[in-house]
Amino acid sequence: MMKFRFRRQGNDPQREKIKQDLFAFNKTVEHGFPNQPSALAYDPKLQLMAIGTKSGAIKVYGAPGMECTGLHKETATVTQIHFFPGQGRILSLLDDNTLHLWEIGQKEQCSHLEEVRSFMLPGRSGIESTSATRVTVLLPKLSCDLLAVGTEGGGVHFLELPSFTLLDRSLFQDEIMQSVPEEYKCGKSLGPVESLQEHPQHPDKILIGYSRGLVVLWDFQSRHADNQLESLVWVRSGNSFVSSHSDGGYMVWPVSSSTPCTHEPVTSTIPYGPFPCKAVNKILWRTTESGRAPLMLFSGGMPRASYGDRHCLTILQDSQHVTLDFTSRVIDFFTIHCIDRDKEFDDPSALVVLLEEELVVIDLQTAGWPTIPAPYLAPLHSSAITCSYHISNVPTKLWDRVISAGQRQCPLQTHTNWPICGGKNLAPSPKQQELLLTGHEDGTVRFWDASGVSLRPLYKLSTANIFQTDCDHNDSLTQAGEEDWPPFRKVGCFDPYSDDPRLGIQKICLCKYSGKLVVAGTAGQVIVLYLCDEKSDHMIDVATVDLLQDREGFTWKGHDRLPPKSGSVLFAPGFQPVVLVQCIPPAAVTAVTLHAEWNLIAFGTSHGFGLFDYHRRSPVLARCTLHPNDSLAMEGPLSRVKSLKKSLRQSFRRIRKSRVSGKKRVMVSSPSSKVQEANAQLAEQDAEVTPVQRRIEPRSADDSLSGVVRCLCFADTFLRDGTHHGPTMWAGTNSGCVYAYALDVPSQDKFSEHSVEALLGKEIQLMHRAPVVSIAVLDGRGNPLPEPYEVSRDLAKAPDMQGSHSVLIASEEQFKVFMLPKVSAKTKFKLTAHEGCRVRKVALVNFSSVASEDYSENGLVCLTNLGDIHVFSIPALRPQVRYDCIRKEDISGIASCVFTKTGQGFYLISPSEYERFSLSARVITKPLCQVDVDRPHDPSELSFCTAVPHQANGTHKTQPTGESKSAGDAEGVFDEISPLSSPALDSPNSSADITLDTTGELTVEDVKDFLVTVDEAENNLRNMTGEDGRPPGIIIN
């Protein structure tokens, strides 16, 4: 018999097949707003929008659900992107001066973005990039066969598309200077090319604007202005164009063949003058059919002294004048308008503004120009996210009531259809509705539709209005008076500043069947809210629970509690607070749970835990968990008074203990001594057969913050004896202690007559004192217990009450299953000893099989401090699969992770984006979309590269191997461009801003180098072309 004892079981082929049908890891989609956007483009034919970021990502959006993402090989800022209208091709320029061509291709009947080739303008020999050939502006011709490239040296070069072949018809600055009359010359250099615009009626004519003010029409020369040029735009008829300038003004210029040199503009205006104004960075001029004046839109131009720090965009038409006031910088904007050349007017329907922190869309056809709510790209970080909570399979009744409450909150929004509606969403409708709740620093809880690819905002709950704070919490966006000038209108919802850090939301718990919500905050506030469909004016009941229980020797040094408002408060339809429970001391709430069927909430802080009956408005229990040496718990998260001496003393004490401690350890006497004996026996048995494990040192009992309550749960189970089950409450702490209370809960009809009573049933001390991360009770079959109301409303199968129950306790180091009611150890898995990692997040998940809808398994999912995810069977705790998910350096990503009950998860990859992933082979939410493109055949096309799907933040290691076209290659052979070194985004030398800054310190050597670079670069380009003369069609009058 002994020879079989040490034999390890081999892989069972049948079990491996079942595991393949149950488990599969996929990163599926990124929810939220792209981090650090840097460029914007729009395809009016395909109705698609593209956003480039500073991390080198390009994200394409159309109709809700239509998304695809590409990632450049180089981690460089995308400074410009341009669509080839109707072709599904995108041109991108990076700040390392490389051009890249992308195509929306088909793969497995779905659209995806792939890089086709790249190109770099040749510079001086021996130097990869020079200022002379540094690209400042791109203009793809509307015919999509030619690209004009403006450079910092003032030259304009032409590339054949899509092959990126450099043509021998470059336009250099000295040739322009020879054709310019003397009075138009402004020094030896015209400055960088600032703008290139194709003539709307004559495609063979291009408007070239130089930063020092000269504007040249290829074939017709226009004007030399005194102010630095910022941007140009054609009027649709082509009879005039508009230029904007650094002094905050704009000018309208006529274009006529009879007067090649124009000295005076038709109009010249500084809208916010006469005092000095900031530059007008970009201007658009749109004509309307209604006979009214043209619509003019421009960014910047604000009075420098008064409003120089504002981020504004102005809309002007006749007497209508609105200054849209944003809370973050304007990156770029465009209008959605008529592009049919046969039509006489632009007739813009919408304005799309990309800001640094959000996307804002304005309806230009509705009076008052209201905003259009975005179905995606919502700024999750409008206030910093502090916690999150996911609800699967939301009942239709709750779903409709939440949506109704959310719609009443947005009276200033129009219900016009979303204008960016290109592509087709091929994904099937979600089988169930899912809610993602995010708690924020400003005391708000936001409800998101997480059922599909697009994370859609549904409702916002604010808790600040029930407290007396220094600032007025008025959410109205229109607070500007009629006489104010400029006529500001607050637009957008990004507001990162919190009036009071104590308002921050720490924990959320929602009962989806009763519509009851518990929200807990940083200052010990626990708020119980009911969902109500009508507005209400009522007082909030306030109760305090002293968690110290008059224990002597402790003085709270942290922040004060938030004072509640006295008297009645008016609440809008939605979740309305009914009870405020204030923990004393007012430390941040670390755990909260709700049992709506028993009318009970439980909450914990760093001092202890409490139980509260919100129906009778009375506390049931308060238990202090502080150790006598737990002084850090008295200082609070906002305190700066942490003792360095104490932390050093504790560290040395811990080292000393680990040196002198022997193999045998003295057991601490406690009510759970029997449990510890059983643990020791189990450990000895394991030691005989298990491989070498890491030695885990027990933690000191007087560690700081050992009393922090980490988890709470309610369960109907066997605690007193094996024949009578009843309500129980479980609490786990940072010191590895678990408290189990038997509750005497009256029946539904006697809630008002009898109060709930709690009696301590068990107290378990884990041997190594590792923090308890999660507690869950399993029924006789080893399945998790159903949620409140699920059994009474026939929504779930009743739990097995015949077999013996067990409790699964997950600490940071191991998982352990104890039999109830004796609390005898049944099985365990030592994760830290085996893997060398610590548990950070735990969830019980139901995995459905791909092969059969009827087959499913429950599993324990665990995320560790190394960023990997483990799945274990329950209750046997056998390891099933392991996946690398999050980088171990990404501490905020690991801390923000939340699992769903169906095997998906979310974690923050930036302050504004959630990465969604799936562990289930069956339940996957990913973009399935299609774009119909009309693309001419490219004879020089080589094999496509492999795209990186949906990984805009570099989470995958595989990178695309695109093809590059060498500029000097006359034979049309494609070469690889070696990845150019670019500074990291967070380095001080990185190109964080795409605008050209000419205000730095210039030395004589810099100027000399610039002049030499221009000459040599132009000579190089001439030598490459082989001909000095240009074709006769390229002239300047």
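Keep in mind the model is a prediction, meaning the values are calculated, not measured.

## With respect to helix H4 (residues 396-408)
Compared with the 18 Å implied by 1.5 Å per residue over 13 residues, the 19 Å span of H4 between its first and last C-alpha is a close match. Regarding H4, the residues found buried are Leu398, Trp399, Val402, Ala405 and Gly406. Along the axis of H4, the buried positions cluster into a sector of 135 degrees, meaning they face one direction only. Exposed residues on H4 whose side chains face more than 90 degrees from its buried face are Thr396, Lys397 and Gln407. For H4, the secondary structure elements touched by its buried residues are strand S31 (435-440), strand S32 (444-449), strand S33 (456-462), strand S35 (505-511), strand S37 (525-532) and strand S41 (574-584).

## Some remarks on the sheet that holds S35
If you walk across this open sheet you meet the five strands as S35-S36-S37-S41-S39, and the pairing is mixed. In this open sheet, the two edge strands, each paired with only one partner strand, are S35 and strand S39 (541-546). Recorded for the sheet is a direction-independent mean angle of 20 degrees between the axes of neighbouring strands. With six bridges connecting them, S39 and S41 associate as parallel partners. Paired with Ala543 across the strands is Val581, a residue of S41. Running over the sheet, H4 touches S35, S37 and S41 and is turned about 100 degrees from S37.

## A word on the nonpolar core
Formed by 34 residues in total, the largest nonpolar core has its most connected members in Leu313, Ile315, Leu324, Phe326, Leu351 and Ile362. Among the secondary structure elements, those contributing two or more residues to this core are strand S20 (250-254), strand S22 (280-286), strand S23 (295-300), strand S24 (311-317), strand S25 (320-326), strand S26 (330-336), strand S27 (350-355) and strand S28 (359-363). If you look at the next biggest cluster of nonpolar residues, it comprises 33 residues, including Val394, Leu398, Leu531 and Ile540.

## A few points about the packing of aromatic side chains
Taken as a whole and assessed by the stated rule, the structure comprises 24 aromatic pairs. When the ring of Phe25 is compared with that of Tyr883, the centres are 5.3 Å apart and the planes differ by 20 degrees; the resulting orientation is stacked. Of this pair, Phe25 sits in strand S1 (residues 23-32) while Tyr883 sits in strand S57 (residues 879-884), and the two are 858 residues apart along the sequence. Both rings, one in Tyr42 and one in Phe334, keep their centres 4.6 Å apart while their planes meet at 10 degrees; by these two values the pair is stacked. Residue Tyr42 is located in strand S2 (residues 37-43), and its partner Phe334 is located in strand S26; the two are separated by 292 residues in the primary sequence. Assessed through its relative accessible area of 10%, Phe334 is described here as buried. By the ring-pair criterion, three or more aromatic residues cluster together here, those being Phe25, Tyr883, Phe899, Tyr907 and Phe917.

## Describing unusual backbone geometry
Residues Gly273 and Pro274 are joined by a peptide bond in cis, for which omega reads 5 degrees. Within the secondary structure, Pro274 sits in the loop between strand S21 (267-269) and S22. With an omega of 5 degrees, the peptide bond running from Leu820 to Pro821 counts as cis. Residue Arg769 is not a glycine yet carries a positive backbone phi of 60 degrees. You can see Arg769 is positioned in the loop between strand S49 (757-765) and strand S50 (772-778). Residue Arg769 is classed as buried on the basis of its relative accessible area, which comes to 15%. Residues other than glycine seldom take positive phi values, yet Tyr789 does so here, at roughly 75 degrees. Its place among the elements puts Tyr789 in the loop between S50 and strand S51 (806-811).

## Overview of the pattern of salt bridges
The full count for this structure, using the stated rule, is 27 salt bridges. The salt bridge partner of Arg15 is Glu857, with a shortest N-O separation of 2.7 Å. Of the two residues, Arg15 is situated in helix H1 (residues 13-22) and Glu857 in strand S55 (residues 856-864); the sequence distance between them amounts to 842 residues. Looking at Arg15, the relative accessible area reads 23%, which means it is partly exposed. Here Arg623 ties to Glu763 by a salt bridge, and the two come within 3.7 Å at their closest N and O atoms. In this pair, Arg623 is assigned in strand S45 (residues 618-624) and Glu763 in strand S49, connecting sequence segments 140 residues apart. Judged by its relative accessible area of 22%, Arg623 is partly exposed. Residues joined by salt bridges that share partners form a network here, namely Glu30, Lys59 and Glu913.

## Regarding the sheet that holds S28
The three strands lie next to each other as S26-S27-S28, forming an open sheet whose pairing is antiparallel. The outermost strands of the open sheet, each flanked by one partner alone, are S26 and S28. Direction aside, the axes of adjacent strands within the sheet are offset by 15 degrees on average. Summarising the sheet, S26 and S27 pair through six bridges and their orientation is antiparallel. Residue pairing for S27: Ile336 is matched across the bridge by Ala350.

## Considering the environment of Arg840
Along the chain, the position of Arg840 falls in strand S54 (residues 839-848). Judged by relative accessible area, which is 34%, Arg840 ranks as partly exposed. In this structure the C-alpha to C-alpha distance between Arg840 and Ile894, which are 54 residues apart in sequence, comes to 7.5 Å. Ignoring any residue separated from it by four or fewer positions in sequence, one finds Arg840 in contact with Val773, Glu812, Leu863, Thr864, Asn865 and Ile894.

## Describing the pairing of S2
Among the seven residues of S2, seven are classified as buried, and the element is accordingly described as predominantly covered. Where S2 and strand S3 (residues 48-53) come together, six bridges link them in antiparallel fashion. For Tyr42, the partnering residue across the bridge sits in S3 and is Met49. The antiparallel hairpin formed by S2 and S3 contains four residues in its connecting segment, where Gln47 sits at a positive phi of about 55 degrees.

## What about the environment of Val78?
With respect to the helices, strands and loops of the structure, Val78 is situated in strand S6 (residues 78-84). The buried category is assigned to Val78, whose relative accessible area is 0%. With 19 residues separating them in the primary sequence, Val78 and Asn97 have C-alpha atoms 9.9 Å apart. In this structure, Val78 is in contact with Ser38, Ala39, Gly52, Thr53, Gly56, Ala57, His72, Ser92, Leu93 and Leu94, ignoring residues within four places of it in sequence.

## Here we look at the confidence of the model for the protein
Here the protein averages 82 in pLDDT, and 78% of its residues register 70 or above. Element-level pLDDT for the protein is lowest in strand S63 (residues 974-975), with a mean of 36, against a maximum mean of 98 in strand S58 (residues 898-899). Low pLDDT (under 50) marks residues 220-226, which in the prediction has 35 contacts with non-local residues, meaning those over four places away or in another chain.

Definitions and limits used
- Residues numbered from 1 in each chain as written.
- Predicted model: local features only at pLDDT ≥ 70, side-chain atom pairs only at ≥ 80, totals over all residues.
- Heavy atoms only, no water.
- Helix = DSSP H or I, 4+ residues; strand = E, 2+ residues; numbered from the N terminus.
- Expected span 1.5 Å × (residues − 1).
- Buried < 20%, exposed > 50% of the residue type's maximum accessible area, 1.4 Å probe, protein only.
- Arc of directions from axis to C-beta.
- Contact = heavy atoms within 4.5 Å.
- Pairing = 2+ DSSP bridges.
- Axes fitted to C-alpha atoms, helices over the stretch in contact; angles between N-to-C directions.
- Core = buried A, V, L, I, M, F, W, Y, C linked by side-chain atoms within 4.5 Å.
- Phe/Tyr/Trp six-rings, centres within 6.5 Å; stacked < 30°, edge-to-face > 60°.
- Salt bridge = Lys/Arg side-chain N within 4 Å of Asp/Glu carboxyl O.
- pLDDT = per-residue confidence, 0-100.

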